[in-house]
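Per-entry structural report
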Amino acid sequence: MQTENYTITDSNLQQLLQALLSSGQKVVAPVRANNKVLFKEIKSASEVCSDHVQTTLSAKHLAFPRTEVLLQYKKTGKEVTINDFPFDAVPQTFLWGSRPCDAGGFAPLDGIFNWDSKDAIYNKRREQLTIISFSCTRHDDACFCTSMGGGPGNTAGSDMLITPAGNGTNIAEIITDKGKALFENYTSLFEEAMGADKEQYLTKIDKVFDTAEIKAKVEAFFESKVWKEQSARCMGCGACAYVCPACACFDIQDDKHGSKGSRLRCWDSCGFQLFTLHTSGHNPRETQARRWRQRVMHKFSYMPDRINVVGCSGCGRCSRACPADMNLAEHLEVIMKMEAEKI
Amino acid sequence: MCNSNIYMPYPMRVEKVTNEAPGVKTFRLNFINAEDAQQFTFKAGQFGEYSVFGTGESTFCIASSPTREGYIECTFRQSGKVTSALTNCEEGDTIGFRGPYGNIFPLDEWKGKNLLFIAGGIALPPMRCVIWNALDRRSDFKDVTIIYGARSVNDLVYKHELEEWKNRDDVKLVVTVDPGGETPDWKGEVGFVPSVVEKTAPVAANTIAIVCGPPVMIKYTFPVLEKLGFTDDTIYTTLENRMKCGFGKCGRCNVGKVYVCKDGPVFTYKQLKELPDEY
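In what follows, the accompanying structure is described.

Definitions and cut-offs
Residues numbered from 1 in each chain as written. Chains lettered and ligands numbered in written order. Predicted model: local features only at pLDDT ≥ 70, side-chain atom pairs only at ≥ 80, totals over all residues. Heavy atoms only, no water. Helix = DSSP H or I, 4+ residues; strand = E, 2+ residues; numbered from the N terminus. Buried < 20%, exposed > 50% of the residue type's maximum accessible area, 1.4 Å probe, protein only. Areas by Shrake-Rupley, 256 points an atom, 1.4 Å probe, with all protein chains shown as cover. Contact = heavy atoms within 4.5 Å. Pairing = 2+ DSSP bridges. Polar contact = N/O pair within 3.5 Å; in protein donor to acceptor, adjacent residues only side chain to side chain. Core = buried A, V, L, I, M, F, W, Y, C linked by side-chain atoms within 4.5 Å. Axes fitted to C-alpha atoms, helices over the stretch in contact; angles between N-to-C directions. Salt bridge = Lys/Arg side-chain N within 4 Å of Asp/Glu carboxyl O.

**Brief notes about the overall build of chain A**
Of the regular secondary structure elements, chain A holds 11 helices and 12 strands. By its C-alpha atoms, chain A is 65 × 65 × 40 Å across when sized along the principal axes. Counting over 343 residues, chain A shows a buried share of 56%. Here chain A has roughly 15000 Å² of accessible surface; of this, 48% comes from carbon and sulfur atoms.

**A few points about the environment of B:Gly23**
All names here are of chain B. Among the structural elements, Gly-23 can be located in the loop between strand S1 (10-21) and strand S2 (24-31). Put simply, Gly-23 and Ala-123 are 100 residues apart on the chain and 14 Å apart in space, counted from C-alpha to C-alpha. Residue contacts for Gly-23: discarding those within four places in its chain leaves Phe-76, Arg-77 and Gln-78.

**Let's talk about unusual backbone geometry**
The amide bond that connects B:Gly99 to the next residue, B:Pro100, takes the cis arrangement and shows omega of 0°. Checked against the element boundaries, B:Pro100 lands in strand S6 (residues 94-101). The omega torsion across B:Gly264 and B:Pro265 is 10°, close enough to zero to call that bond cis. Tracing the chain through its elements places B:Pro265 in the loop between strand S14 (258-259) and strand S15 (266-268). Phi at A:Asp325 takes a positive value of approximately 60°, unusual for a residue other than glycine.

**Overview of the pairing of strand S5 (residues 71-77) of chain B**
Residue and element names in this part refer to chain B. When you tally the buried positions in S5, you get 6 out of 7 residues, the bulk of the element. Both S2 and S5 contribute to a ladder of 7 bridges, which runs antiparallel. Bridging across to S5, Asn-30 finds its partner in Tyr-71.

**Re the side chain of B:Thr221**
All names here are of chain B. Among the structural elements, Thr-221 can be located in helix H6 (residues 215-227). Engagement of the side chain of Thr-221 in a polar contact is seen with the backbone oxygen of Met-217, the distance being 2.6 Å. In this view, Thr-221 contacts Ile-118, Val-193, Pro-194, Val-197 and Val-211; residues no more than four positions away in its chain are not counted.

**What about the nonpolar core?**
A:Leu95, B:Ile118 and B:Leu225 are the most contacted members of the largest nonpolar core, which has 66 residues in total. Ranked by the residues each element gives to this core, the list is headed by H6(B), at 5 residues. Those residues in contact with B:Leu225 that sit more than four places away from it in its chain are B:Leu116, B:Ile118, B:Val197, B:Ala209, B:Val211, B:Phe230 and B:Ile235. Counting 60 residues, the second-largest nonpolar core is a separate cluster that includes B:Phe27, B:Tyr50, B:Met127 and B:Ala134.

**With respect to the sheet that holds strand S4 (residues 56-61) of chain B**
Residues and elements named next belong to chain B. Across the sheet, 6 strands lie side by side as S4-S3-S6-S1-S2-S5; this open sheet has antiparallel pairing. Edge positions in the open sheet fall to S4 and S5, since each of these has one partner strand only. The mean inter-strand angle of the sheet, taken between neighbouring strand axes irrespective of direction, is 35°.

**Looking at the pattern of salt bridges**
This structure, assessed with the given rule, holds 42 salt bridges over all chains. In this structure, the salt-bridge partner of B:Arg252 is A:Asp251, at a minimum N-O distance of 3.9 Å. In this pair, B:Arg252 sits in the loop between strand S12 (235-238) and strand S13 (254-255) while A:Asp251 sits in strand S11 (residues 250-257), so the two residues belong to two different chains. Just as B:Arg252 is buried, A:Asp251 falls in that class too.

What follows is the structure, encoded as structure tokens:
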């Protein structure tokens with residue numbers, strides 16, 4: 001659908017959230033807990049944190065939980081009963097207060113989970129998810145969404161985008177049918193568009209490179225020593241993958257309790273040594289340099305090639321979370337500036 | 001299909017267990033649900049995820065031929081967690097299977113050609129599928145040669161089938177064991193697969209070579225074949241890499257941008273030459 005513009009006041013925005021909560025809907029929003037801001041299910045509008053740049057973890061768990069039960073089984077003698085994933089039990093969920101880069105992170109996940117074989121479990125959670133994002137009026141050093149084709153007011157991936165416009169007002173953009181359905185339930189809270197350009201209210205993030213250039217560069221430097229240099233300080237902790245909105249690599253493990261149990265899908269990371277280790281002891285990605293190269297190539301070359309989407313929304317979480325201070329944007333900048341003779 | 005859980009395995013009955021070699025077993029698996037048996041089809045070269053409920057899933061090929069309908073077979077060596085649990089399964093037990101996944105050996109394109117099968121050790125199973133598939137439509141192909149090697153006589157798998165192939169007029173079978181692996185009454189060849197290939201392979205003209213084996217065998221066999229005149233697009237192999245999903249999502253098996261689970265596991269030597277050295 002074509003995006004529709006409206007205005008909504010701060011107080012009506014609060015009322016919209018309160019109305020969702022009062023109607024018993026599951027709402028997930030940024031909540032401050034200890035020193036972190038995390039997406040959590042809220043019961044009251046007052047729990048929502050709004051003075052943060054970015055949550056520590058992305059919102060991907062709403063469609064791709066950290067651990068989820070794919071099926072359950074029960075053994076009785078030699079017989080096994082297998083119970084399918086309970087599709088009907090996936091609740092409708094409203095993600096409130098995500099950033100455009102959180103919403104943009106769902107495009108790579110949608111691509112991976114629908115590459116030929118459709119992952120019905122992921123798709124069910126996704127279908128049940130309505131995303132109400134808030135444009136960024138601030139950013140920090142790790143942010144690089146504009147270099148990834150996004151931006152602080154980018155609408156892609158959101159169902160509704162709210163841009164704070166000062167003086168207690170906000171620009172509300174209705175982007176998808178899901179956003180429209182939400183709007184239609186609470187039309188009285190919205191007013192006619194002000195006609196103001198939202199750009200003036202957004203933070204400015206310089207675009208440093210573009211994804212097509214990165215793709216060409218990382219492919220040209222596949223055999224370069226740069227991967228070893230950049231990953232020398234990487235300890236393979238996998239934090240970058242866990243905080244990333246676009247990382248979808250997973251493990252499948254059984255969880256057994258006596259005669260019954262579950263088959264689980266769990267987040268995994270290409271940064272782990274065990275990730276590709278064969279039973280024989282052979283490991284195709286045996287060094288951290290190869291694992292770092294896989295991480296960068298997968299996001300910026302293989303995914304664009306195979307499923308036509310870049311595996312990064314420029315949220316910068318990996319750089320904020322890295323205990324060894326590896327900054328993805330900085331590393332990409334180094335590669336962008338490399339010349340052929342320095343391979 | 002769009003609304004079904006792609007991680008749901010077919011429940012399979014372990015119909016028959018055959019001890020092939022030390023630590024190596026073959027399972028014949030029957031579909032427990034008749035409708036699963038009816039709708040299931042696969043082609044030579046494809047693989048699946050076999051699971052022991054409570055232990056997990058493991059990836060290996062379907063070792064039986066698609067021409068033998070109603071069941072599938074798998075052959076595995078006890079080596080990790082899941083293959084150990086499989087080893088402990090008995091006839092009548094229920095295990096899981098999901099698949100088939102991956103591409104195929106293009107048997108239809110090979111009509112009218114000679115087929116040369118070269119296998120080493122526990123890599124005969126993925127090739128056995130193609131061998132029986134070809135032998136069950138024998139008139140489609142000209143000469144069929146099978147060269148199979150293992151570390152020792154004891155390590156040879158499918159001993160009954162080797163005997164069957166040996167006794168057929170329309171198959172040339174060469175079996176070899178590594179030096180030191182022979183028994184006093186051993187009548188086959190003694191020597192490593194690449195050198196036995198050099199000695200016994202048929203002419204390269206109009207011949208397709210299918211090679212499966214441990215990496216070291218592959219590494220030394222491909223150059224021998226090229227020396228014998230095989231071009232790199234007439235040499236086929238099947239790759240394995242660690243996998244979890246089998247359909248391009250879990251992120252493990254890719255070699256560069258090529259996914260072993262989706263683009264493979266069957267590749268020509270020509271395709272392998274274009275891959276980065278990361279498998």
